[in-house]
Amino acid sequence: MRLNRQVAFITGGGRGIGRAIALAFAAEGATVGIADIDGESAEATAADIARSSGTARAFAIDASRRDVVLDAAGRLVSEFGRLDAVVNSAIVFRYEPIGEIREETWEWMTSVGLKSLIWGAQAADRYMAPERGGIVIHFSSPVADRGHSGTAVYSAIKGAVGALTRALAVEFAPRRIRVNAISPGAIPTPGARALVDAAGYDARRKRTPLGRLGTEEEIAAAAVYLASSDGAFITGEILHVDGGATILGG
Ligand SMILES: NC(=O)c1ccc[n+]([C@@H]2O[C@H](COP(=O)([O-])OP(=O)(O)OC[C@H]3O[C@@H](n4cnc5c(N)ncnc54)[C@H](O)[C@@H]3O)[C@@H](O)[C@H]2O)c1
């Protein structure tokens, strides 16, 4: 029970990596607030946790909207008395050639992929106790380190996540709030599978030194590590959990 008595707020917790983290945090003893724009999936994750004797609450919210994020995190804190972790997993996946990107797409993707991280940080700022500190977890991507065609908006978001992680890590350090990002390799989540076909996954396996795709549970294990006392001296870090994909030479 490495996260015993902790309270975590997880955006995008209805499916994919966010859901796996919600389940893993609950299995380690945390109470989990699952915030997802898809309320049914958030409820389903919360019900799965309840079936395993864990405690979870579902929030059907748009994580890109400041007031609803702060309100949902506030309701979690009102009920359970504390906030220890904010995990920002909500994302909109879309790859398009540069000439086809519409302004609405930019606004939507950056609102969910970046703006929501500011509101998540504000929830940490408002609700994490100075004497206990806490952790904020972001998600970067291998596209932040290497160029890929057709990923301009997503790459810009993930590049910015690194800068935001380092800035917040320094700003929050006096309050013992650690801020880290995980950079997952190819993880066939529902969102990623909608973009990447079988040939795309074969190519990803080939350019991953460990020769396979990753799992949602392997990303969740890294998040538990960062949130637990094992990660107590880690902040401002981008932890690559990618089978070596990022460090592979040409
Ligand atoms: N899967 C991968 O291969 C991979 C690789 C690198 C990085 N990542 C990153 O990991 C994180 C999780 O990705 P995933 O693959 O689990 O994605 P996913 O698409 O499977 O899940 C994303 C979740 O976010 C929710 N969401 C979307 N918009 C929202 C909004 N406005 N408010 C609240 N919730 C919203 C969706 O409903 C969904 O439940 C993302 O930041 C992603 O960029 C994933």
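Just so we're clear, the structure is a prediction, and the values are computed from it rather than from any experiment. (Residues numbered from 1 in each chain as written. Predicted model: local features only at pLDDT ≥ 70, side-chain atom pairs only at ≥ 80, totals over all residues.)

Enquirer: Please clarify how the pairing of strand S5 (residues 134-139) should be interpreted in this entry.
Expert: Side chains on a regular strand alternate between the two faces of the sheet. Of all the six residues making up S5, six are buried; the element is thus mostly covered by neighbouring parts of the structure. What joins strand S4 (residues 85-88) to S5 is helix H4 (residues 103-127), and the crossover it makes is right-handed. Note that S5 and strand S6 (residues 177-184) share six bridges and pair parallel. Within the sheet, the bridge partner assigned to Ile-137 lies in S6 and is Asn-180. Note on the crossover from S5 through helix H5 (residues 152-172) to S6: the handedness is right-handed. (Buried ≥ 20, exposed ≤ 12 C-beta atoms within 10 Å, placed from the backbone. Helix = DSSP H or I, 4+ residues; strand = E, 2+ residues; numbered from the N terminus. Right-handed = clockwise from strand over helix to strand, strands pointing away. Pairing = 2+ DSSP bridges.)

Enquirer: Even after reading the chapter, I still don't get the site of the ligand, so can you show me in this structure?
Expert: If you check the shell around the ligand, you find 30 residues, and the closest are Gly-12, Gly-16, Phe-139, Thr-189 and Gly-191. When contributions to the shell around the ligand are tallied by element, the ones reaching two or more residues are helix H1 (16-27), strand S2 (31-36) and helix H6 (190-193). (Near = placed C-beta within 6 Å.)

Enquirer: Sorry, what's going on with the nonpolar core here?
Expert: It is characteristic of soluble globular proteins that their nonpolar side chains tend to be buried jointly. With 70 residues, the main nonpolar core has Ile-21, Ala-22, Phe-25, Val-32, Ile-34 and Ala-223 as its most contacted residues. When sequence neighbours within four positions are dropped, the list of residues in contact with Phe-25 reads Leu-3, Ala-8, Ala-30, Val-32 and Val-224. (Core = buried A, V, L, I, M, F, W, Y, C linked by C-beta atoms within 7 Å. Contact = placed C-beta atoms within 7 Å.)

Enquirer: Any chance you could explain the packing of H4 against H5 here in plain terms?
Expert: The geometry of a pair of packed helices is captured by two quantities: the angle between their axes and the separation between those axes. Where H4 meets H5, the closest approach of the two axes is 10 Å, and the angle between their N-to-C directions is 15°. On the basis of their axis angle, the class for H4 and H5 is roughly parallel. The two elements H4 and H5 meet at a crossing, and its hand is right-handed. Across the interface between the two elements, Thr-105, Trp-106, Met-109, Thr-110, Gly-113, Leu-114, Leu-117 and Ala-121 of H4 pack against Val-153, Tyr-154, Ile-157, Ala-160, Leu-164 and Leu-168 of H5. (Axes fitted to C-alpha atoms, helices over the stretch in contact; angles between N-to-C directions. Parallel < 35°, antiparallel > 145°, perpendicular 65-115°, else oblique. Left-handed = near helix turned anticlockwise from the far one by under 90°.)

Enquirer: Mind showing me how you'd approach helix H8 (residues 216-227) here?
Expert: Given 3.6 residues to a turn, an α-helix orients residues that are three or four positions apart in the same direction. In this model H8 runs 17 Å from its N-terminal to its C-terminal C-alpha over twelve residues, within 8% of the 16 Å that 1.5 Å per residue would give. Of the residues making up H8, those classed as buried are Glu-216, Ile-219, Ala-220, Ala-222, Ala-223, Val-224, Leu-226 and Ala-227. (Expected span 1.5 Å × (residues − 1).)

Enquirer: Would you explain the environment of Glu-28 in this entry?
Expert: Here Glu-28 lies in the loop between H1 and S2. A sequence separation of 104 residues divides Glu-28 from Arg-132, and the C-alpha atoms of the two residues are 18 Å apart. Leaving out residues up to four positions away in the same chain, Glu-28 has contacts with Met-1, Arg-2, Leu-3 and Val-224.

Enquirer: Mind showing me how you'd approach the sheet that holds S6 here?
Expert: Whether parallel or antiparallel, the strands of a sheet pair through hydrogen bonds between backbone atoms. Overall, parallel pairing links the seven strands, which are arranged S3-S2-S1-S4-S5-S6-S7 in an open sheet. Strands with a single pairing partner mark the edges of an open sheet, and in this sheet they are strand S3 (56-60) and strand S7 (238-241). For this sheet, the mean angle separating the axes of adjacent strands, direction not counted, is 20°. The pairing of S6 with S7 spans four bridges and is parallel. From the neighbouring strand, Ser-183 faces S7, where its bridge partner is His-240. H1 contacts strand S1 (7-11), S2, S3, S4 and S6 of the sheet and is inclined by roughly 170° relative to S1.

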